[in-house]
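Breakdown of the fold
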Amino acid sequence: MNNTTSSVRVRFAPSPTGYLHVGGLRTALYNYLFARRNNGAFLVRIEDTDQTRSVEGAIENILDALRWCGLEFDEGPGKDGGCGPYIQSQRLETYAAHAKQLVESGAAYYCFCTPERLETVRRQMQAQKLPPMYDRHCRTLTETEVRDNLNNGVAHVIRLKVPIHEEIAFNDVIHGAMKVQGHVLDDQVLMKSDGFPTYHLANIVDDHLMGITHVIRGDEWLPSTPKHILLYRAFGWQPPLFAHLPLLLNPDRSKLSKRQGDVAVEDYRAKGFLPEALVNFVALLGWNPTGERELYPLEELIAQFDLERVNKAGAVFDVKKLLWMNAQYIRMKDDNTLAAQLQSVLAKNNITAEPEYIARAVHLLKDRVETLNDFAESSDFLFHAPHAFDEAYMRKHWNDSTPVAVADLAERFTALTDFSHESIERTVREYAESTGVKPAALIHPLRLALTGKGVGPGLFELIAVLGREETVARLNSFLEIQQK
Ligand code: GLU
């Protein structure tokens, strides 16, 4: 390990069971912010020792989502900092050696119970309304019994020998002092019969060997922490500090679930959210910088992050707020950058255009959309002449004298030397004045002919973006349709 033991080293340790959950992103982000705030190292470690839950492609998926969010790691798969490999299935001998060490020191023991016996024990416990737990049967096997079983190749696991008469106490940075009596803890399986370690063993062995100083993870791991403390004790290692992050909740305060909305980072990406907005939003789920503001770019989140100020209470994932935040980030972004990001989104809607034109379209609409997809969906009239026209709007704003006015304006637009929105506006207003009609009586029909819709961005800016040729062509073709 390159770093001294005093410098902060934290890790995000996802299991590759699918996509990156927004809760996982929050965990990764808090680790990242804490590392950057303290000039420490942020590691990513893949916990794939439960082979039945591992999903093909999930590692790349998770790493890709982290990359998209801008959470670059210092050490992890493909980036060795001297503690690799960072994928647990590639470290099996290390866990086996450590499990053996615990058996030899008497802190763990071989268990030869069959699945049938374990099931019977579980049912008995349930019948007595006790939490299902192993009855510690194999703790009392004699050395000879153990040796014979091993020699006969009897299937076995290795279990932690929980000190049942002790109290296990630790301090959680967020939850404060925690304690539990040994007798309520299960003799946790550390090595499974297939030679793979369980999460608990692999997790603490790696946290130790990788020099992790702070374990920042979801609340669901709080009940496992006493077992982890026992493992540290058994190895004679100093445990890291623990900080368990509050649950993410649906607006009805139930646990955040797929049933009530999107939970994968990739879903938000596909819906046209900006990573900056998602990161800002997720950062505030459980922690708030000191100011009253809501918008904090990553650099400011780093500057203000304080683990001690993370809340204990669950944090509500409010998509409306995320949408609002995304809209703010869209507005703050410069047109060319947004245009570049939009190109692929537009391509999905079969729209292709020059980046320069997209940038002008972006400028026109960016105050009116919440996501990049909104833009793609609401900007069709900027890329194609409309096929359909709002009939109610038509009835209200189109009368016998309108075609002449529209035709006259098309002519005046053709003759304009300066096709800026100011000059277009002047042309329309002067025409209104000279013919004695209200400007609105021209603006509405023009909008209809050009966009097919009754609402949209400012007409003169819109005409300037469409350009002279397109504007005049659309007006003329609309007039032709009306004459038929
Ligand atoms: N592999 C665990 C998970 O997927 C990590 C828990 C921990 O950070 O210790 O949540």
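What comes next is a walk through the structure. These numbers were taken from a predicted model, which means no experiment stands behind them.

If you tally the helices and strands in the protein, you get 21 helices and eleven strands. Radius of gyration (C-alpha) of the protein: 32 Å, far over the 23 Å computed for a compact globule of 484 residues. Its C-alpha atoms give the protein principal-axis dimensions of about 110 × 45 × 35 Å. Within the protein, residue pairs in contact and separated by at least 24 positions form 75% of the contacts whose partners lie at least 6 positions apart. Accessible surface, the protein: about 23,600 Å² in total, of which carbon and sulfur atoms supply 51%. The positive charge centre, built from 53 side chains, and the negative charge centre, built from 63, are 5 Å apart in the protein.

Enumeration according to the criterion identifies two cavities of 30 Å³ or more in this entry. Within this model, the largest cavity holds a volume of roughly 40 Å³. Contributing to the lining of the largest cavity are S15, P16, T17, E47, D48, T49, D50, R53 and S54. Of the residues contributing to the lining of the largest cavity, the split by class is one nonpolar, four polar and four charged. When its volume is computed, the second largest cavity comes out at roughly 40 Å³. The wall of the second largest cavity is formed by I330, L338, L342, V362, K366, V369, L372 and F375. Among the secondary structure elements, those contributing two or more residues to the lining of the second largest cavity are α12 (335-348) and α14 (372-378). Here the residues of the lining of the second largest cavity are counted per class, giving seven nonpolar, no polar and one charged.

Once that is clear, we can look at the packing of aromatic side chains. Going through the model one piece at a time under the given rule, you end up with 15 aromatic pairs. Aromatic side chains Y32 and F42 sit 5.7 Å apart centroid to centroid with 85 degrees between the ring planes, which places their arrangement in the edge-to-face category. Residue Y32 is located in helix α1 (residues 22-37), and its partner F42 is located in strand β2 (residues 41-44); the two are separated by ten residues in the primary sequence. F42 matches Y32 in its accessibility class, with the two residues each being buried. Through a chain of ring-to-ring contacts, the aromatic side chains of Y268, F273, F281 and F317 assemble into a single cluster. In this structure, R26 packs its charged tip against the face of Y30, placed 5.6 Å from the ring centre. Stacked on the ring of Y134, the Lys or Arg R159 has its end atom at 3.7 Å from the ring centre.

Attention shifts here to the pattern of salt bridges. Under the defined criterion, the tally for this structure stands at 26 salt bridges. Taking the shortest distance from any N to any O, the salt bridge between R9 and E75 comes out at 3.0 Å. Remark: E75 occurs in the loop between α2 (58-68) and α3 (92-105) and R9 occurs in strand β1 (residues 9-12); sequence separation between them is 66 residues. Given a relative accessible area of 1%, R9 falls into the buried group. Judged by its relative accessible area of 5%, E75 is buried. Salt bridges linked by common partners bring R11, R45, E47, R91, D206 and D207 together as one network.

Lining the immediate environment of the ligand, one finds R11, A13, S15, E47, Y199, N203, R217 and W221. Between an oxygen atom of the ligand and a side-chain N or O atom of R217, the distance comes to 2.8 Å. Its free accessible area being 290 Å², the ligand has 85% of it covered by the protein chains. In this structure the site holding the ligand corresponds to the largest pocket. Looking at the shell around the ligand, its residues break down into three nonpolar, two polar and three charged.

A packed helix pair is summarised by two numbers, namely the angle formed by the two axes and the spacing between the axes. Where helix α19 (residues 440-451) meets helix α20 (residues 459-466), the axes come as close as 11 Å, and the angle between the chain directions of the two elements is 35 degrees. Considering the relative orientation of α19 and α20, their crossing is left-handed. On the side of α19, the interface is formed by I443, L446, R447, L450 and T451, while α20 contributes L459, F460, L462, I463 and L466. Residue composition of the contact of α19 with α20, grouped by class: eight nonpolar, one polar and one charged.

This part covers the layout of surface pockets. Taken as a whole, the largest pocket holds about 1,100 Å³ of empty space. Residue lining of the largest pocket: 38 residues in total, with S15, H21, R53, E220 and W221 positioned closest to the centre. Of all the secondary-structure elements, those providing two or more residues to the lining of the largest pocket are β1, α1, α6 (199-209) and β8 (214-218). No other element matches α1, which puts four residues into the lining of the largest pocket. Residues that form the lining of the largest pocket fall into these classes: 14 nonpolar, twelve polar and twelve charged.

Procedures and definitions
Residues numbered from 1 in each chain as written. Predicted model: local features only at pLDDT ≥ 70, side-chain atom pairs only at ≥ 80, totals over all residues. Heavy atoms only, no water. Helix = DSSP H or I, 4+ residues; strand = E, 2+ residues; numbered from the N terminus. Rg over C-alpha atoms; globule rule 2.2 N^0.38 Å. Contact = heavy atoms within 4.5 Å. Areas by Shrake-Rupley, 256 points an atom, 1.4 Å probe, with all protein chains shown as cover. Lys, Arg positive; Asp, Glu negative; His and termini not counted. Charge placed at Lys NZ, Arg CZ, Asp CG, Glu CD. 1 Å grid on protein atoms, 1.4 Å probe; cavity = no way out; pocket = protein on both sides within 12 Å on 5 of 7 lines; lining within 4 Å. Points joined across faces, edges and corners; volume = space filled by probe spheres on them. Nonpolar A, V, L, I, M, F, W, Y, C, P; charged D, E, K, R; others polar. Phe/Tyr/Trp six-rings, centres within 6.5 Å; stacked < 30°, edge-to-face > 60°. Buried < 20%, exposed > 50% of the residue type's maximum accessible area, 1.4 Å probe, protein only. Lys NZ or Arg CZ within 6 Å of the ring centre and 35° of its normal. Salt bridge = Lys/Arg side-chain N within 4 Å of Asp/Glu carboxyl O. Near = heavy atom within 4 Å. Polar contact = N/O pair within 3.5 Å; in protein donor to acceptor, adjacent residues only side chain to side chain. Sits in = over half its atoms within 2 Å of the grid points. Axes fitted to C-alpha atoms, helices over the stretch in contact; angles between N-to-C directions. Left-handed = near helix turned anticlockwise from the far one by under 90°.

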